[in-house]
Amino acid sequence: MKNPQLNEHGELQHLLSVEGLPRDTLLHILDTADSFIGITDREVKKVPLLRGKSVFNLFFENSTRTRTTFEIAAKRLSADVINLNINTSSTTKGETLLDTVDNLSAMHADMFIVRHASSGAPYLIAQHVASHLHVINAGDGRHAHPTQGLLDIYTIRHYKRDLSALSVAVVGDVLHSRVARSLIHALTTLGVPDVRVIGPKTLLPAGVEKLGVKVFHDMNHGLAGCDVVVMLRLQNERMNGSLLPSAQEFFKSYGLTPEKLALAKPDAIVMHPGPMNRGVEIDSAVADGPHSVILPQVTFGIAVRMAVMSILAGN
Amino acid sequence: MKLHIKNGRFIDPRSGTDTKQDVFIAAGHIVALGSAPADFKAGRVIDASGLIVAPGLVDLSVRLREPGFEYKATLETEMHAATAGGITSLACPPDTDPPLDEPGLVEMLKHRARSLNLVHVYPLGALTVQLAGKRLTEMVLLQEAGCMAFSQADAPLADTQVLWRALQYASTFEFPVWLRPQDGFLAQGGVAHDGEVATRLGLAGIPASAETIAIATIVQLVRDTGARVHLQRLSTARGVELVRAAKAEGLPISCDVSAHHAHLSEMDLGYFDARCHVIPPFRSGRDRDALRQGLADGAIDALCSDHAPVDDDAKQLPFAEAEPGATGLELLLPLALKWGAELKLPLLKTLAVVTDRPARILGIPAGSLAVGEAADVCIFDADAMQRVTAETLKSQGKNTPFLGTELPGRVRYTLVGGQVVFEG
């Protein structure tokens, strides 16, 4: 089966998922992001790589943060950015997803940044659009959030350098998390030897170990000796029902407190894709503490998104 | 018109015959095999040299989409598709709009089907009013109107009290009940097999236990009520084992599997291929292998097309939002042949699962080519390979995971009641 992300020369045509991307492609994105880090510290924060290109932020699901970081990244590359929150406009009028995409294509879009509540929606769009168009998945259902996975691995590489001897724990609601899936693929592709997922059985998907991870239900065991702890966001609607009895109980078993963090390596870093639920999955003392690299993640995210866009535009 | 089918390889699973012999048809019935009866003068001679002459296929699950969903398909288009697939009798589930829960609706459907005069259509009546799972339908009146059995189609029947009573009531009159085993609560929100692929693609899963729990419940209620139950479209290895055990116990239970499930697994979802969004979901390779084996050893009685034409607009959507279902009428014979060839079964055995056995389950005089039987015949070339394309499919539904693949078997003639209704 042809990988829909790659063009006939094996180059990145779309960024839909971290899964299936060659190791060299991942490294190329991370190295390119490195070169953009300096730009964001400069007085004039712009480069002309996407001048004259139109980037459409196509958000079928609300997100201020991710949309903003894509917008900033595109603007720093000198692109024209058009933001569309589709859930409030055309689909409620009965227009189909592909009709919407056709209309926007007719407005001479060059790149679509797509967020959608349904897993796989960006694939449908990528398979439908003309070959000069590029699609970046900004989060589809539970499936993938590749730029987040890339910025996470970028952050890990920034602080830990050698990926070949790391232990990384991903904690919490893996079942519903596109962030977890993308990060796990990035970690395994780049040869991180010890990837762990920690959570109650209700929040781990069937056969998750087939993704190349070790499964822990006891957080104390799972965190032992870790270099990196990635906390996942727990959505409000999952907090009480048949998946979990309460946010309090979740925090007791799986919330990251200074005491639990002490089980990890002394120089462990703590990450979170945001937005955080303080007191649900993470204690404020940890979120704001010396191990936290949660805010640098956001900064790196812009460089990583600039890297992805510039590479796609160049192919 | 009198018809003489000559030089064909005659295969009749019911009598266990596989031999070169001619078939003679008069007044819609088979009047002789081998040599012509005295003063038989054929009005037409069909030369079946190099072809198989078999009973017309009997398909246990065909959605004709009438009434209510004519934009997806109509009786006429789908009956033509059936004849192109060599199918001469079919059962249609009651999940039309409105559902088949009133005698008038059933009579109208039967009348519409009869007036088209193509294939025999056997409606299944709704087991509960509006398929809502609460009130029993007027089964006696529905049976008089032409319903062969009663079914919930894919609508859940969560209330086991209602299921228990429905089986008691149906068995009072010896009406068979056809159920697709699925626990509605466990299946809720799911769109794919709860396993490796759904985890990777981030699709909500339906665990295998959604099927096995339902089968276990039904088996126990059959034990209690004595109702005759046909389980439709099994999808799990464990489900096959439960049915095997129930049959060994002597319970009046039969089951079928869809032709798609005999070939495909969760792996075929690829990159969110919505054509593989079907009900029940494609499960693991191990499950698929058990279904194929169960069909060969008799644990599963029949192979059906599970024909469910879906219009493009309803399929061109993200996987979970796309309407489930695949077109199947014209693929039933090719997929049966492919299955049989892969398991190295004799044609006699392969064809039994689409002719003799489903006819017995439906309780209709079909699926056999004995003298005196109605002349419902499928004449096909078993070796011809054909590529499945939107253009070759006669069904209004062009959605199938097999689009673009080459499959064996090409129907050359389909006869219903001695009339040639398809020539290809």
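The present account deals with the structure reproduced in this document. (Residues numbered from 1 in each chain as written. Chains lettered and ligands numbered in written order. Predicted model: local features only at pLDDT ≥ 70, side-chain atom pairs only at ≥ 80, totals over all residues. Heavy atoms only, no water.)

## Overview of the environment of A:Ile156
Residue and element names in this part refer to chain A.
So, point 1. Within the secondary structure layout, Ile 156 lies in helix α5 (residues 146-160).
So, point 2. Taking relative accessible area as the criterion, Ile 156 reaches 0% and is therefore assigned buried.
So, point 3. Each C-alpha atom of the pair Ile 156 and Phe 251 lies 25 Å from the other, and the pair is 95 residues apart in sequence. (Helix = DSSP H or I, 4+ residues; strand = E, 2+ residues; numbered from the N terminus. Buried < 20%, exposed > 50% of the residue type's maximum accessible area, 1.4 Å probe, protein only.)

## Overview of empty space enclosed by the protein
All names here are of chain B.
So, point 1. Throughout the structure, instances matching the rule amount to 1 cavity of 30 Å³ or more.
So, point 2. Quantified by volume, the largest cavity comes out at close to 70 Å³.
So, point 3. Lining the largest cavity are Val 62, Arg 63, Leu 64, Arg 65, Glu 66, Cys 92, Pro 93, Asp 95, Thr 96 and Leu 109.
So, point 4. Partitioned by chemical class, the residues of the lining of the largest cavity number 5 nonpolar, 1 polar and 4 charged. (1 Å grid on protein atoms, 1.4 Å probe; cavity = no way out; pocket = protein on both sides within 12 Å on 5 of 7 lines; lining within 4 Å. Points joined across faces, edges and corners; volume = space filled by probe spheres on them. Nonpolar A, V, L, I, M, F, W, Y, C, P; charged D, E, K, R; others polar.)

## Here we look at the interface of chain A and chain B
So, point 1. Across the contact, 25 residues belong to chain A and 17 residues belong to chain B.
So, point 2. Taken together, both faces of the contact between chain A and chain B bury some 1,700 Å²; the carbon and sulfur share is 62%.
So, point 3. Taken together, the connections running from chain A to chain B amount to 2 salt bridges.
So, point 4. B:Glu196 is paired through a salt bridge with A:Lys210; the nearest N and O atoms lie 3.9 Å apart.
So, point 5. Mapped by element, the contributors of at least two residues to the side of chain A that touches chain B are α3 (97-106), α4 (121-128) and α6 (178-189) of chain A.
So, point 6. Among the elements that line the side of chain A that touches chain B, the one with the most residues is α4(A), at 4 residues. (Contact = heavy atoms within 4.5 Å. Buried area = accessible area lost by both parts, 1.4 Å probe. Salt bridge = Lys/Arg side-chain N within 4 Å of Asp/Glu carboxyl O.)

## Looking at the sheet that holds strand β1 (residues 54-59) of chain A
Residue and element names in this part refer to chain A.
So, point 1. Spatial ordering of the open sheet is given by β2-β1-β3-β4, a layout of 4 strands whose pairing is parallel. In this open sheet, the two strands that pair with only one neighbour each are β2 (80-85) and β4 (134-140). If you compare each strand with its neighbour and ignore which way they point, the axes differ by 15° on average.
So, point 2. Bridge analysis of β1 against β2 gives 6 bridges, and the strand direction is parallel. (Pairing = 2+ DSSP bridges. Axes fitted to C-alpha atoms, helices over the stretch in contact; angles between N-to-C directions.)

## Side note on the pairing of strand β20 (residues 406-416) of chain B
Residue and element names in this part refer to chain B.
So, point 1. Along β20, 8 of the 11 residues are buried, which leaves the element largely enclosed by surrounding structure.
So, point 2. Two elements, strand β19 (residues 377-387) and β20, share 8 bridges in a ladder whose sense is antiparallel. When the bridges of β20 are listed, Val 377 appears paired with Leu 415.
So, point 3. One ladder, built from 4 bridges, connects β20 with strand β21 (residues 419-423); its direction is antiparallel. Across the sheet, residue Val 416 finds its bridge partner in β21, namely Gln 419.
So, point 4. In textbook terms, the turn of a hairpin is the stretch between consecutive antiparallel strands, and for β20 and β21 this stretch comprises 2 residues, one of which, Gly 417, has a positive phi near 55°.

## Points about a negative patch on the surface
So, point 1. Together, A:Asp99, A:Asp102, B:Asp312 and B:Asp313 make up a region of like negative charge exposed at the surface.
So, point 2. Secondary structure elements with two or more residues in the negative patch: α3 of chain A together with α10 (312-315) of chain B.
So, point 3. With respect to the helices and strands, the residue A:Asp102 is situated in helix α3.
So, point 4. Judged by relative accessible area, A:Asp102 falls into the partly exposed class, the value being 37%. (Patch = residues over 30% accessible without salt bridge, like charges linked within 9 Å, V, L, I, M, F, W, Y side chains within 5 Å. Areas by Shrake-Rupley, 256 points an atom, 1.4 Å probe, with all protein chains shown as cover. Lys, Arg positive; Asp, Glu negative; His and termini not counted. Charge placed at Lys NZ, Arg CZ, Asp CG, Glu CD.)

## Description of the sheet that holds strand β9 (residues 87-92) of chain B
Residue and element names in this part refer to chain B.
So, point 1. Taken together, the 3 strands give an open sheet; going across it, the order is β8-β9-β10, and neighbouring strands pair in parallel fashion. Whereas interior strands pair on both sides, the edge strands pair on one side only; in this sheet they are β8 (57-59) and β10 (120-123). For this sheet, the mean angle separating the axes of adjacent strands, direction not counted, is 15°.
So, point 2. With 4 bridges connecting them, β9 and β10 associate as parallel partners. The residue bridging Ala 91 from the neighbouring strand is Tyr 122, located in β10.

## Section: the environment of B:Glu373
So, point 1. For B:Glu373, the position within the fold is in the loop between α13 (356-362) and β19.
So, point 2. Considered as a pair, B:Glu373 and B:His29 are 344 residues apart in the sequence and their alpha carbons are 5.6 Å apart.

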